Amino acid sequence: MSKESIQQFVTEEHEMFRQSVNDFAVKYIVPNIAKWEKEGEVSRELFKQAAELGALGINIDSKYGGLGLDAMYNMIWVEELSRQNVGGSASGIINHLQLPIQYLDKFGSEELKQKYLVPSVSGDLIGALGMTEPGAGSDLAAISTTAVKEGDHYIVNGSKTFITSGIMADYMVTAVKIDGKVSMLVIDTKSEGYSCTKLDKLGIRASDTAEIGMDNVKVPAENLIGEEGKGFYYMMRNLQIERLGIAWGGVGSCEGILDMTIQYIHEREAFGKPLAKLQIIRHKLVELQTELEVIRAFTYLTTQRFCNGEDVTKEASMLKLKAAELGNITADQCLQFFGGYGFMEEFPIARIYRDNRISPIYAGTSEIMKEILAKMVIDGKTY
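Here goes a summary of the coordinates provided. (Residues numbered from 1 in each chain as written. Predicted model: local features only at pLDDT ≥ 70, side-chain atom pairs only at ≥ 80, totals over all residues. Heavy atoms only, no water.)

### As for a nonpolar patch on the surface
On the surface, a cluster of nonpolar side chains totalling about 350 Å² of accessible area is made up of Tyr341, Phe343 and Met344. Checked against the element boundaries, Tyr341 lands in the loop between α11 (313–337) and α12 (348–356). Residue classification places Tyr341 among the partly exposed residues on the basis of a relative accessible area of 38%. (Patch = residues over 30% accessible without salt bridge, like charges linked within 9 Å, V, L, I, M, F, W, Y side chains within 5 Å. Areas by Shrake-Rupley, 256 points an atom, 1.4 Å probe, with all protein chains shown as cover. Salt bridge = Lys/Arg side-chain N within 4 Å of Asp/Glu carboxyl O. Helix = DSSP H or I, 4+ residues; strand = E, 2+ residues; numbered from the N terminus. Buried < 20%, exposed > 50% of the residue type's maximum accessible area, 1.4 Å probe, protein only.)

As structure tokens, this is what we get:
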């Protein structure tokens, strides 16, 4: 998108922040990617470094240590990190801001904010979100983890899976059933009866992902987020920014992949001339660039509407669907242009190809997005 075309959405301050994010990624993440990919997790120090930039509290009120900025800055944070295609190395810090912190900020009590939100913004605590279960993914109403009130505590039993930062997390904002209705609890990961097992993944390998077990875990009653029985409502509200986040990441990743590929085809020769002169490659890259600009324009507009307090459930679902799929397609098509080198792990496109495969799956699969949209567009349903 040209500089002139985005001026209606972003200011000079936004672009200054973008440069700060770029500098952060180049200084703290890029040099460590290979190490963290091998180890299967990032350094906890990365969260502190992100906090020093203010990036863990972008839209959080200053009284809790945040910057108090709008979601356009969240967008730039995710988009710019994704443009660097740092994959799993950035997944944990993005997840930390976009998911557990948002639940604490929007729905948590003042006590919970002081206990968990403030140290989360400062990078002293790392949070995770526990929604998905072995038998319940996109069907959030089907979760089976239970919490039973006993005096001034809840007793929690159940399991969660595919939990980002599940190993590193100090607490998990957890969806449970209380008297048959979905509620949200903050559970300390050091609680007795709480266990976690690291999962081995195809991509985003630097982001630890875990399966969580909870066997009679005792949770203080004051760790309830909001009200009992309102958890499904809270999750539906927060899914807007979660799915916008996938779109932001998709836009950034596509841009980074295309930049990388265009540089490569200028340098690589075949049949006595640069790949950049081959029509089939030129036309495909132009097609991908065009699709990216369409998605970017829709993403920026929807994010601006979200900042204005509008309900963008439908648009966020559309963007999650299309941006995630475009990121997947762009990685696949561009890897092809690298030829055999694209299949080698020493070239970043190989890792990016693996990393981007998750995008059409998490935060609701493409199939779920289509059904949500069908209910809204065809059946007139509202969420």
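Continuing now.
### Points about helix α4 (residues 45–53)
Turning to α4, its buried residues are Leu46, Phe47, Gln49, Ala50 and Ala51. Where α4 is buried, its residues touch α2 (12–29), α3 (33–39), α5 (71–83), α6 (88–98) and α8 (110–121). Following α4 by one or two positions, Gly54 has its phi on the positive side, about 90 degrees. (Contact = heavy atoms within 4.5 Å.)

### Here we look at the pattern of salt bridges
For the structure shown, the criterion picks out 20 salt bridges. Linking Glu133 and Lys160 is a salt bridge whose minimum nitrogen-to-oxygen distance equals 2.9 Å. Of this pair, Glu133 sits in the loop between β1 (127–130) and β2 (146–150) while Lys160 is found in strand β3 (residues 153–164), placing the two residues 27 residues apart along the sequence. You can call Glu133 buried: its relative accessible area is 5%. For the salt bridge of Asp200 with Arg205, the shortest nitrogen-to-oxygen distance reads 2.8 Å. Residue Asp200 is classed as exposed on the basis of its relative accessible area of 67%. The class for Arg205 is partly exposed, based on a relative accessible area of 30%. One network of salt bridges, with partners in common, ties together Glu15, Arg18, Glu79, Glu80, Arg83, Glu255, Glu293 and Arg296.

### As for the packing of helix α10 (residues 279–307) against α11
Two elements in contact, α10 and α11, have axes whose closest approach is 10 Å; the angle formed by their N-to-C orientations is 155 degrees. One element, α10, and the other, α11, form an angle in the roughly antiparallel class. For the pair α10 and α11, the sense of crossing is left-handed. Contacts between α10 and α11 pair Ile281, Lys284, Leu285, Leu288, Glu291, Leu292, Ile295, Phe298, Thr299, Thr302 and Arg305 from the former with Glu315, Ala316, Met318, Leu319, Lys322, Ala323, Leu326, Ile329, Thr330, Gln333, Cys334 and Phe337 from the latter. (Axes fitted to C-alpha atoms, helices over the stretch in contact; angles between N-to-C directions. Parallel < 35°, antiparallel > 145°, perpendicular 65-115°, else oblique. Left-handed = near helix turned anticlockwise from the far one by under 90°.)

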